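Structural description and commentary
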Amino acid sequence: MTIQLPGADGALRTYEPRTEPLALTTGAPFTSRTVFSAAHVVADPFADTTPDSPAAIDWDATLAFRRHLWSHGLGVAEAMDTAQRGMGLDWAGAAELIRRSAAEAKSVGGLIACGVGTDQLTGPADLAQVRAAYEEQLALVEASGARPILMASRALAAAAAGPEDYLDVYGHLLRQSAEPVVLHWLGPMFDPALEGYWGSSDLDAATDTFLEVIAAHPDKVEGIKVSLLDAGREIDIRRRLPQGVRCYTGDDFNYPELIAGDEKGFSHALLGIFDPLGPLAAEAVRVLDTGNTAGFRELLDPTVELSRHLFRTPTRFYKTGVVFLAWLAGHQSHFTMVGGLQSARSLPHFARAYELADGLGLFPDPKLAEERMKNLLALYGVTQ
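To keep things clear, this report deals only with the structure shown in the data block.

Each value, and the rule that gives it
Residues numbered from 1 in each chain as written. Predicted model: local features only at pLDDT ≥ 70, side-chain atom pairs only at ≥ 80, totals over all residues. Heavy atoms only, no water. Helix = DSSP H or I, 4+ residues; strand = E, 2+ residues; numbered from the N terminus. Contact = heavy atoms within 4.5 Å. Axes fitted to C-alpha atoms, helices over the stretch in contact; angles between N-to-C directions. Parallel < 35°, antiparallel > 145°, perpendicular 65-115°, else oblique. Left-handed = near helix turned anticlockwise from the far one by under 90°. Phe/Tyr/Trp six-rings, centres within 6.5 Å; stacked < 30°, edge-to-face > 60°. Buried < 20%, exposed > 50% of the residue type's maximum accessible area, 1.4 Å probe, protein only. Pairing = 2+ DSSP bridges. Expected span 1.5 Å × (residues − 1). Arc of directions from axis to C-beta. Polar contact = N/O pair within 3.5 Å; in protein donor to acceptor, adjacent residues only side chain to side chain. Salt bridge = Lys/Arg side-chain N within 4 Å of Asp/Glu carboxyl O.

1. Concerning the environment of G278
Inspection of the secondary structure puts G278 in helix 9 (residues 278-289). Sequence-wise, G278 and H72 are 206 residues apart; in three dimensions their C-alpha atoms are separated by 7.3 Å. If sequence neighbours within four positions are ignored, G278 has contacts with L69 and L74.

2. Overview of the packing of helix 1 (residues 59-71) against helix 2 (residues 91-108)
If you want to describe how two helices pack, look at the angle between their axes and the distance between the axes. At a closest axis distance of 10 Å, the pairing of helix 1 and helix 2 adopts a crossing angle of 45 degrees. Here helix 2 runs oblique to helix 1, going by the angle between their axes. Remark: the crossing between helix 1 and helix 2 carries right-handed chirality. Contact residues: helix 1 offers W59, T62, L63, R66, R67 and W70, while helix 2 offers G93, E96, L97, R100, S101, E104, A105 and V108.

3. Section: the packing of aromatic side chains
Under the definition given, this model contains 20 aromatic pairs. A ring pair is formed by F324 and F350, whose centres lie 4.8 Å apart and whose planes are at 40 degrees; its orientation type is tilted. In this pair, F324 sits in helix 12 (residues 318-328) while F350 sits in helix 13 (residues 347-360), placing the two residues 26 residues apart along the sequence. Classification of F324 as buried rests on a relative accessible area of 0%.

4. Focus: the sheet that holds strand 6 (residues 147-150)
Reading around the barrel, the eight strands line up as 3-4-5-6-7-8-9-10 and close back on themselves, with parallel pairing between neighbours. For this sheet, the mean angle separating the axes of adjacent strands, direction not counted, is 25 degrees. Sheet analysis places strand 4 (residues 75-78) next to strand 5 (residues 112-116), joined by three bridges and oriented parallel. Across the sheet, E78 pairs through a bridge with C114, a residue of strand 5. Where helix 6 (residues 203-216) meets the sheet, it contacts strand 7 (181-186) and strand 8 (221-227), and its direction lies at approximately 170 degrees from that of strand 7.

5. Description of helix 3 (residues 127-144)
An ideal rise of 1.5 Å per residue puts 26 Å on 18 residues; helix 3 measures up with 26 Å between its terminal C-alpha atoms. Listing the buried residues of helix 3 in full gives L127, V130, A133, Y134, Q137, L138, L140, V141 and S144. All buried residues of helix 3 fall inside an arc of 160 degrees around its axis, so they share one side. Contacts made by the buried residues of helix 3 are with helix 2, strand 5, strand 6, helix 4 (154-159) and helix 5 (163-176). By the N-cap criterion, in which a side-chain oxygen at the helix start approaches the backbone nitrogen of a residue two or three places on, helix 3 is capped by D126, the distance to A128 being 3.2 Å. Residue G145 follows helix 3 closely and has a positive phi angle near 90 degrees.

6. Points about the pattern of salt bridges
If you walk through the whole model with that rule in mind, you get 21 salt bridges. The partner of D262 in a salt bridge is R239, with the nearest N and O atoms 2.5 Å apart. Highlighted residues: D262 in the loop between helix 8 (255-260) and strand 10 (268-271) and R239 in helix 7 (residues 231-239), separated in sequence by 23 residues. For D262, a relative accessible area of 29% puts it in the partly exposed group. In this structure R239 comes out as partly exposed when scored by relative accessible area, which is 41%. Salt-bridge contacts for E355 lead to R352; the nearest nitrogen and oxygen are separated by 3.2 Å. In this pair, E355 and R352 are both assigned in helix 13, three residues apart and thus about one turn of the helix distant. The partly exposed category is assigned to R352, whose relative accessible area is 28%.

7. Overview of the side chain of R233
Positionally, R233 belongs in helix 7. For R233, a relative accessible area of 17% corresponds to the buried category. Among the polar contacts listed, one links the side chain of R233 to the side chain of D204, at a separation of 3.0 Å. With near-sequence residues (within four places) excluded, R233 lies in contact with L203, D204, T207 and L228.

What follows is the structure in structure tokens.
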């Protein structure tokens, strides 16, 4: 059986799907790395909504996907960028997601950390309002029993006059946090509103401020997540961290080398690409647990082409490809997203994503994935 796929030039090409998936099973917990997948949400396809409406979530399917990730030993990074925070999922929806996922994690013994932001602020805000918004979300995550991830704030980026304001706001939050948190530096390629975060568009100056926050409160920072798509900068930051503070890579372009590490250290992982790669990524980390770095790279290096494709510019629309692959893999019954974001990528982009994912053996039922891909092609007017 073959399938006709459109290329970037608009011409159709013939592709022969694989017939068997990669053989992957659940296994023991990881021993050498802590690995989180930032998980997507499943929209309710029958809700009568518009792109401007509050998100309508299919809670059963959303929680089932998290159980899938936990079954392979992965942690879930909840209500993060991958869950469309600020791109279809508002704070009310994120709060409910956090409560439900944290309760589900307790019931199955799953590892979970949850995003803390300021997205309940929908207009201009001053620094006091930014602090109060962070505090409200931090209290909810702490009450849920999950580890907080202090996410970058659009409101803080707009309100801060310089590095001192970041030091003040983050210092205030860290002093009052009940447990150590993860600090998240999300680059403007993921969210243009975060340009100049930490008080400067000069990344060297921004890095110094980021590290100053950590150095002032090392007992309150469990780790950092760096999402700059710059392996060299992440390694530099990693080597400058205080003893005991972990680096979680958020680099969806260079994750194999960053997780493998070098003689001076390594990164743990908190990645959006580990949503579609979950079982394969888990298998690779278990190989790394045995000390077999070459085997780890052999499994994970071939996935980078798919990840770079999904995260190509405009990078913030990578969620569309993530949900598309979840649909093809059978984790949800439809390709609908909150905010109508399923329209954010082109048909040639979907075709290439399908081809790369199928080549990696990511689809548990390749025939189902093929049928769904053909249905999408037919919707766009491509006949087979």
